[in-house]
Amino acid sequence: MINFNELIKVGNFNKSHGIKGEISFVFTNNFFFKGKNSFLICEMEGIFIPFRVESYRSISNSTVLVKLKNINTIEQTKPLTYQEVFLPKKQSAENTKLNYFLWDHYIGFNIIDEKNREIGSITDIDESTINTLFIVEKESKEILIPTANEMIVTIDEKRKIIYMKLPVGLL
């Protein structure tokens, strides 16, 4: 049996799309596209039910159309409409250091380098180029730091701290 404490919310189903059982899925974190996710989980009548993903196609940065196995009509998608969607925490933690959230989740986090020096607080995210950047403010100065996974050592969600190994000369 699937326990709520083992899950993390990754988004919501919205309306059905077309007549062949596709449903719109708006995700609230970037984990949906990490690794191999063969199931999405919804709570139905108090029980968490896994649904096998047959296929999906992106329609925006945060929305995909999902086709679930054995869901082939509009009528079959109706019970899923506007349901919260979950994935197992264990699966999500194995696939990304960035703890499965959209970048905006990290606004307000502090960055600390490998020498335990506070770099500053993330005030915004720049996704206008191919390399996403943390915009960090320290002493009224703006610092741009790449969000590269290989630079991130660990993330302390409770204390809102990202520990990073920054390349020499970045600052």
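Computed from a predicted structure; not experimentally measured.

Chemist: Provide a residue-level description of a nonpolar patch on the surface, including the pertinent values.
Modeler: On the surface, a cluster of nonpolar side chains totalling about 340 Å² of accessible area is made up of Met1, Ile47 and Ile49. Secondary-structure assignment places Met1 in the segment before strand 1 (7–17). With a relative accessible area of 89%, Met1 lands in the exposed category.

Chemist: I'd like to hear about the nonpolar core, residue by residue, with values.
Modeler: Formed by 18 residues in total, the largest nonpolar core has its most connected members in Phe13, Phe25, Val66, Leu68 and Leu80. Of all elements in the fold, only strand 1, strand 2 (22–27), strand 3 (39–44), strand 4 (47–58), strand 5 (63–68) and strand 6 (84–88) reach the threshold of two or more residues within this core. Once residues lying within four places of it in the same chain are set aside, the contact partners of Phe13 are Ile23, Ser24, Phe25, Leu40, Cys42, Leu68, Leu80, Thr81, Tyr82, Gln83 and Val85. In terms of nonpolar packing, the next biggest core, distinct from the first, is built from 17 residues, Ile111, Val136, Ile143 and Ile162 among them.

Chemist: Run through the environment of Phe13, naming residues and quoting values.
Modeler: On the secondary structure map, Phe13 appears in strand 1. For Phe13, a relative accessible area of 0% puts it in the buried group. When the C-alpha atoms of Phe13 and Phe27 are compared, they prove to be 8.5 Å apart, with 14 residues separating the residues in sequence.

Chemist: Quick rundown of the packing of aromatic side chains? Include the residues and the values.
Modeler: Inspection of the entire model under this criterion finds six aromatic pairs. Relative to Phe86, the ring of Phe4 lies with its centre 6.0 Å away and its plane at 80°, an arrangement referred to as edge-to-face. A residue pair is termed long-range when its members are at least 10 positions apart, and Phe4 in the segment before strand 1 and Phe86 in strand 6 qualify at 82 residues. When its relative accessible area of 48% is taken as the criterion, Phe4 is described as partly exposed. By relative accessible area, Phe86 is classed as buried at 5%.

Rules behind the numbers
- Residues numbered from 1 in each chain as written.
- Predicted model: local features only at pLDDT ≥ 70, side-chain atom pairs only at ≥ 80, totals over all residues.
- Heavy atoms only, no water.
- Patch = residues over 30% accessible without salt bridge, like charges linked within 9 Å, V, L, I, M, F, W, Y side chains within 5 Å.
- Areas by Shrake-Rupley, 256 points an atom, 1.4 Å probe, with all protein chains shown as cover.
- Salt bridge = Lys/Arg side-chain N within 4 Å of Asp/Glu carboxyl O.
- Helix = DSSP H or I, 4+ residues; strand = E, 2+ residues; numbered from the N terminus.
- Buried < 20%, exposed > 50% of the residue type's maximum accessible area, 1.4 Å probe, protein only.
- Core = buried A, V, L, I, M, F, W, Y, C linked by side-chain atoms within 4.5 Å.
- Contact = heavy atoms within 4.5 Å.
- Phe/Tyr/Trp six-rings, centres within 6.5 Å; stacked < 30°, edge-to-face > 60°.

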